[in-house]
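# A structural walkthrough
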Amino acid sequence: MAATPVHYPWYKKEDTDAFFALFQNNIANFVVIAITMLGMDFPASIVFGQVLPGAAVAVMVGNFYYAWSAARLARRENRSDVTALSYGISTPVMFVFLFGVLLPAKQLTGDPQLAWKVAVAACFISGAIEAAISVIGRWVQYHLPRAAMLGAVAGVALTFIAGEMLFKTLEIPIIGLLVLAIIIVGLIGRVTMPFRIPTSLFAIVIGTALAYLIGATEDGQFSGAFTHLGFYPLLPNLAWFEGLGLLFTGMLAVLTVVLPITLYNAIETMNNVEAMEAAGDKYDVRECQAVDGAGTMLGALFGGVFPTTVYIATVGAKWMGAGRGYSLLNGAVYGLATMFGLIAALSAIIPVSVVAPILVFVGMSMIATAFQGNDSRYYPAVALAMLPYFANYVMTRFNRGAEEVVADISGGIVALGQGAMFTAILIGAMAVSVIDHQFRRAATFAGVAALFAFVGLMHAPELAFNASPDFATGYLVMGGLFLYFAWQQERLGAPRPVPVGKPAKDAPPAND
């Protein structure tokens, strides 16, 4: 007798908390984009009339798709606790496109219109590359240890999300600590807020009201928030096509930035899908990478210049008990907010110290999942995989303005921070392999790390042959050591621990 189909709601109370967390993640990126591009002398007509609407189209369509995908999973597994994947602009990728694509294009052309078209073309190519990578995404997901991938994600969560947002929380202690307490009580302690108001909404309302009551906002902050209101239609254009000609005739150097950051984006999607599987919802990584690539390309067709990805905040939404409603609402709100110029207004009204504690919770949940999703014997590998992002954080936050200070601390900070995602995954994978006494596998990962260092994907500022010879040699030496222990193991017939990882049903199909 067939089981009675469960009801999977379009929206529930927990979706409100998850919506505010995801909305703030995306809105922070949108505001950074606007402020940075205006500071680069890109006109408001491009920023608010092209770039943000293009990004909103990608965010809207991607969130709608993942809400549909969650409903499909709920029907297939006949359960109502499925959480849709979060979707948005990757923060590290955003900064690379701002300073590695838009700024050089602006400096080379001297024309913001041409520079924008070049960046749109680069974004379109990035999406096409990620869609192509999706063909091998599931194979890569199966062969990379979960502890390595989740450890890399946890490194991002610790530094750029939980750590960075805790700093922002404490910029106005009276407000930040109060809101943080609300988040701890409501989302961690799972205590119901007054009048059963969703925790995130309650925190934002109370924190914002207190900020204005104690005068913690700048003069004219509220009225100044509405200066960019207007109507910005979401319309496709041919900027991507025109930009392709400019890109391939005089700015091929930009592509050396696009390739590694697209690989990073594809791996970020893979990591976040893996984290969601550890939390209980299994999605197909190949499909997700293809959707992310298609969403990026679609955004470029509407003037967007920033690749999109499955968001690191997904597990935070899972912990909040969200379903698909938060994803649907996020997509709809971004479409409307961008068309009418509301995003900059909202971000100006609400102080950062009010929303930062919500993102601290998101980062905490990611770190916890990295450990909870693995057997305890792999905890050292998780911790090791987190460390490269500490260097990446120091490098990206301080190296531009205080390069000599960073160098005085350690000459290894910048090198470790370059290509941190690849370093984190590969060094974590080596640790997992050694824990399982799979020394030949560890040697293989060391060989891949040597190759990546040689071509500049790790420990180097740009792609080039023999980009980081010392690191490439070091990884080869590591590989040699692992092979020695593999030989010793085979010679002595020593038993190996039984690996604890993905169950047999997760094995890739024969045609992969």
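Residues numbered from 1 in each chain as written. Predicted model: local features only at pLDDT ≥ 70, side-chain atom pairs only at ≥ 80, totals over all residues. Heavy atoms only, no water.

Per the secondary structure count, the chain includes 22 helices and 2 strands. Computed over C-alpha atoms, the radius of gyration of the chain comes to 23 Å, within 12% of the 24 Å expected from 2.2 N^0.38 for 512 residues, which places it in the range of a compact globule. Dimensions of the chain, computed from the C-alpha atoms along their principal axes, are close to 75 × 65 × 50 Å. Looking at the 512 residues of the chain, the share that counts as buried comes to 54%. Put simply, 82% of the contacts in the chain that link residues at least 6 apart link residues at least 24 apart. Working note: accessible area of the chain is about 21,300 Å², and carbon and sulfur atoms make up 69% of it. With 26 positive and 30 negative side-chain charges, the chain shows a spacing of 10 Å between the two charge centroids. (Helix = DSSP H or I, 4+ residues; strand = E, 2+ residues; numbered from the N terminus. Rg over C-alpha atoms; globule rule 2.2 N^0.38 Å. Buried < 20%, exposed > 50% of the residue type's maximum accessible area, 1.4 Å probe, protein only. Contact = heavy atoms within 4.5 Å. Areas by Shrake-Rupley, 256 points an atom, 1.4 Å probe, with all protein chains shown as cover. Lys, Arg positive; Asp, Glu negative; His and termini not counted. Charge placed at Lys NZ, Arg CZ, Asp CG, Glu CD.)

With that settled, the discussion passes to helix H20 (residues 420-435). Its 16 residues place the ends of H20 22 Å apart at the C-alpha level, agreeing with the 22 Å of an ideal helix rising 1.5 Å per residue. The first or second residue beyond H20 is histidine 437, which carries a positive phi of 60°. (Expected span 1.5 Å × (residues − 1).)

Below, the discussion takes up the pattern of salt bridges. The tally for this structure, following the rule as stated, stands at 13 salt bridges. Among the ionic pairs, arginine 440 bridges to glutamate 490, the shortest N-O distance being 2.9 Å. Residue arginine 440 is located in helix H21 (residues 439-455), and its partner glutamate 490 is located in helix H22 (residues 469-492); the two are separated by 50 residues in the primary sequence. Salt bridges sharing partners connect three or more residues here, namely Glu77, Arg79, Asp81, Asp281 and Lys318. (Salt bridge = Lys/Arg side-chain N within 4 Å of Asp/Glu carboxyl O.)

Phe30, Met37, Phe97, Tyr283 and Phe306 are the most contacted members of the largest nonpolar core, which has 145 residues in total. For this core, the element with the highest residue contribution is helix H2 (residues 44-77), accounting for 13 residues. Each residue touching phenylalanine 306, except ones within four places of it in the same chain, is listed here: Ile33, Val51, Ile89, Met94, Phe97, Leu98, Leu102 and Cys123. Of all hydrophobic cores here, the second largest spans 5 residues; its members include Val57, Met60, Phe302 and Met339. (Core = buried A, V, L, I, M, F, W, Y, C linked by side-chain atoms within 4.5 Å.)

If you want to describe how two helices pack, look at the angle between their axes and the distance between the axes. One can describe the packing of H2 onto helix H11 (residues 285-301) by two numbers: an axis separation of 8 Å at closest approach and a directional angle of 155°. Relative to H11, the element H2 lies roughly antiparallel. Handedness of the H2/H11 crossing: right-handed. Note on element contacts: H11 touches H2 through Glu287, Cys288, Val291, Asp292, Gly295, Leu298 and Gly299, opposite Gly54, Val57, Ala58, Val61, Tyr65, Tyr66, Ser69 and Arg72. Here the contact of H2 with H11 is built from residues that sort into 8 nonpolar, 4 polar and 3 charged. (Axes fitted to C-alpha atoms, helices over the stretch in contact; angles between N-to-C directions. Parallel < 35°, antiparallel > 145°, perpendicular 65-115°, else oblique. Left-handed = near helix turned anticlockwise from the far one by under 90°. Nonpolar A, V, L, I, M, F, W, Y, C, P; charged D, E, K, R; others polar.)

This part takes up the side chain of asparagine 374. Inspection of the secondary structure assignment puts asparagine 374 in the loop between helix H15 (352-372) and helix H16 (379-386). Note on asparagine 374: relative accessible area 11%, which makes it buried. Non-local contacts of asparagine 374, meaning those with residues more than four positions away in its chain, are made with Arg146, Ala147, Leu150, Tyr379 and Val382.

Here the phi dihedral of aspartate 41 falls at roughly 75°; this positive angle occurs in a residue that is not glycine. Turning to its location among the elements, aspartate 41 is positioned in the loop between helix H1 (13-39) and H2. Look at aspartate 41 and you get exposed, because its relative accessible area is 57%. A positive phi angle, near 55°, is found at asparagine 466, a position not held by glycine. In this fold, asparagine 466 is placed in the loop between H21 and H22.

Counting through the fold element by element, serine 45 comes out in helix H2. The exposure class assigned to serine 45 is exposed, which follows from its relative accessible area of 51%. Expressed as a C-alpha distance, the spacing of serine 45 and isoleucine 409, which sit 364 residues apart in the sequence, is 44 Å.

The subject of this paragraph is the confidence of the model for the chain. On average, residues of the chain score 85 in pLDDT, and 90% of them reach the 70 mark or higher. Note that residues 502-512 has pLDDT below 50 and, in this model, 13 contacts with residues that lie over four places away or in other chains. (pLDDT = per-residue confidence, 0-100.)

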